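What follows is the residue order along each chain.
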Amino acid sequence: MPVDLPALYPKLINLMLDTVFVVDQHDQIVFVSDACELLLGYRADELIGNLITDYMHPDDLAATRDSICRVMNGQPHVDFRNRYLRSDGSIVNILWSARWCEEDSVRIGVARDVTALMQAEAELRFLAHHDPLTKLANRSLFYDRLVSALKTARRHQSSLALLFLDVNDFKMINDTYGHAVGDQVLCTVAQRLESCIRETDTVARMGGDEFTVLLTEIQSIEAVAAKVDQILTVMNEPLGDEFGELSMPSCSIGVACYPVDGEDADTLLNHADGQMYQVKRHRSAVG
């Protein structure tokens, strides 16, 4: 007995994990497959007859209308992404494949939930430029921002400062209290550094227990010294009760100012790094 394929089509469509939408030329939903309930939180009968634009994220409406016009002009759009609002108010990211069916005056679209994929992509982009422990900028991102800030400083004939900070006796903390506690200390250092800077400045973890701070549009050497004093004061504040008997370690800070101490990124980094080690050696000598 031959199989009646047309009779199977609705069952096949409703078995799909992706959602199938059929929308008329006025944006009214005329059909949606059962997978829509998992995608948007609405049953098919709750969507049919409504405008599909009512469920789109308002910030994506303009771009989506452009895609709709493209599709209705006979150009299939197979890689369009936008956001929809679910029934519970949350946002879902959707990848669309859509085309216009001239004989029926409808556009047919297949929608795939790519929210998890986009979150993973965003996390990978973040990790490419940030330290996974402290969430600060990493060495690569800091260097790029320093180079960019130097270009701006040259163009506007302004100044900037670079601070190189090292946590004193950090190895002792790791050896005595363990790396988990050491990581908590590093995160505390990162948070305290961020509390001392403006949004236009950058704090980075260069690796290990070394951090850098980029201060832009510095008005004077005195302003830099005041910022160093502020950081040292904040760093000297006691740790929380969760650290038990552990005291907050002190820090050594080296400073380099553009253009006095160098006019390129590498020279400034080397100068600040060298001055930081001078501070550490002086501390050891007097300690």
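Anything mentioned here points back to the structure above.
Keep in mind it's a predicted model, so treat the numbers as computed, not measured.

Q: Mind laying out the sheet that holds strand β1 (residues 19-24), listing which residues take part and the relevant values?
A: If you walk across this open sheet you meet the five strands as β2-β1-β5-β4-β3, and the pairing is antiparallel. Across the chains shown, the open sheet's two edge strands, defined by having one partner strand only, are β2 (29-32) and β3 (77-85). Within this sheet the neighbouring strands show an average axis-to-axis angle of 30 degrees, counted without direction. Where β3 and strand β4 (residues 91-101) come together, seven bridges link them in antiparallel fashion. When the sheet's bridge partners are listed, Arg83 is paired in β4 with Asn93. Packing against the sheet, helix α4 (residues 61-72) makes contact with β3, β4 and β5 (106-113), and its axis sits at approximately 145 degrees to β3. The strands that helix α5 (residues 115-129) touches are β3, β4 and β5; relative to β4, the one it contacts most, it runs at about 120 degrees.

Q: Please give an account of the environment of Gly74 that cites residues and values.
A: In this structure, Gly74 sits in the loop between α4 and β3. Its relative accessible area of 53% is what places Gly74 among the exposed residues. Spatially, the C-alpha atom of Gly74 lies 47 Å from that of Asn138, the residues being 64 residues apart in sequence.

Q: Summarise helix α7 (residues 170-177); cite the residues concerned and give the values.
A: Burial in α7 covers these residues: Phe170, Ile173 and Asn174. For α7, the angular spread of buried residues about the axis comes to 95 degrees, placing them on one side. Looking at α7, the residues exposed on the side facing more than 90 degrees away from the buried face are Lys171, Asp175 and Thr176. On its buried face, α7 sits against β6 (159-167) and α8 (179-194).

Q: Before we move on, could you go through unusual backbone geometry and cite the residues and values that matter?
A: The omega torsion of the bond from Tyr258 to Pro259 falls at 5 degrees, within 30 degrees of zero and hence cis. In this structure, Pro259 sits in the loop between β9 (251-258) and α10 (265-286). Residues other than glycine seldom take positive phi values, yet Asp27 does so here, at roughly 75 degrees. Inspection of the secondary structure puts Asp27 in the loop between β1 and β2. When its relative accessible area of 12% is taken as the criterion, Asp27 is described as buried.

Q: Could you give an account of the pattern of salt bridges, naming the residues involved and the relevant values?
A: What the rule picks out here adds up to twelve salt bridges. Note that Arg107 and Asp27 form a salt bridge whose closest N and O atoms lie 2.9 Å from each other. Note that Arg107 is positioned in strand β5 and Asp27 in the loop between β1 and β2, a separation of 80 residues in sequence. Like Asp27, Arg107 is buried. Of the charged contacts in the structure, one is a salt bridge between Asp60 and Arg83, with a shortest N-O distance of 2.9 Å. Taken together, the positions of Asp60 in the loop between α3 (44-47) and α4 and Arg83 in strand β3 put the pair 23 residues apart, joining distant regions of the chain. Assessed through its relative accessible area of 13%, Asp60 is described here as buried. For Arg83, a relative accessible area of 26% translates into the label partly exposed. One salt-bridge network, in which partners are shared between bridges, spans Asp27, Arg65 and Arg107.

Q: A description of the nonpolar core should follow, citing residues and the corresponding values.
A: Judged by nonpolar contacts, the single largest core of 32 residues is most densely connected at Leu163, Leu165, Val189, Leu193, Phe211 and Ile231. Elements represented by at least two residues in this core include exactly β6, α7, α8, β8 (210-218), α9 (221-235) and β9. In contact with Val189, not counting residues within four places along its chain, are Leu165, Val167, Phe211, Met235 and Met248. Among the nonpolar cores identified, the runner-up in size contains 20 residues, and Leu146, Ala204, Ala256 and Leu269 belong to it.

Reading guide: rules and limits
Residues numbered from 1 in each chain as written. Predicted model: local features only at pLDDT ≥ 70, side-chain atom pairs only at ≥ 80, totals over all residues. Heavy atoms only, no water. Pairing = 2+ DSSP bridges. Helix = DSSP H or I, 4+ residues; strand = E, 2+ residues; numbered from the N terminus. Axes fitted to C-alpha atoms, helices over the stretch in contact; angles between N-to-C directions. Contact = heavy atoms within 4.5 Å. Buried < 20%, exposed > 50% of the residue type's maximum accessible area, 1.4 Å probe, protein only. Arc of directions from axis to C-beta. Salt bridge = Lys/Arg side-chain N within 4 Å of Asp/Glu carboxyl O. Core = buried A, V, L, I, M, F, W, Y, C linked by side-chain atoms within 4.5 Å.

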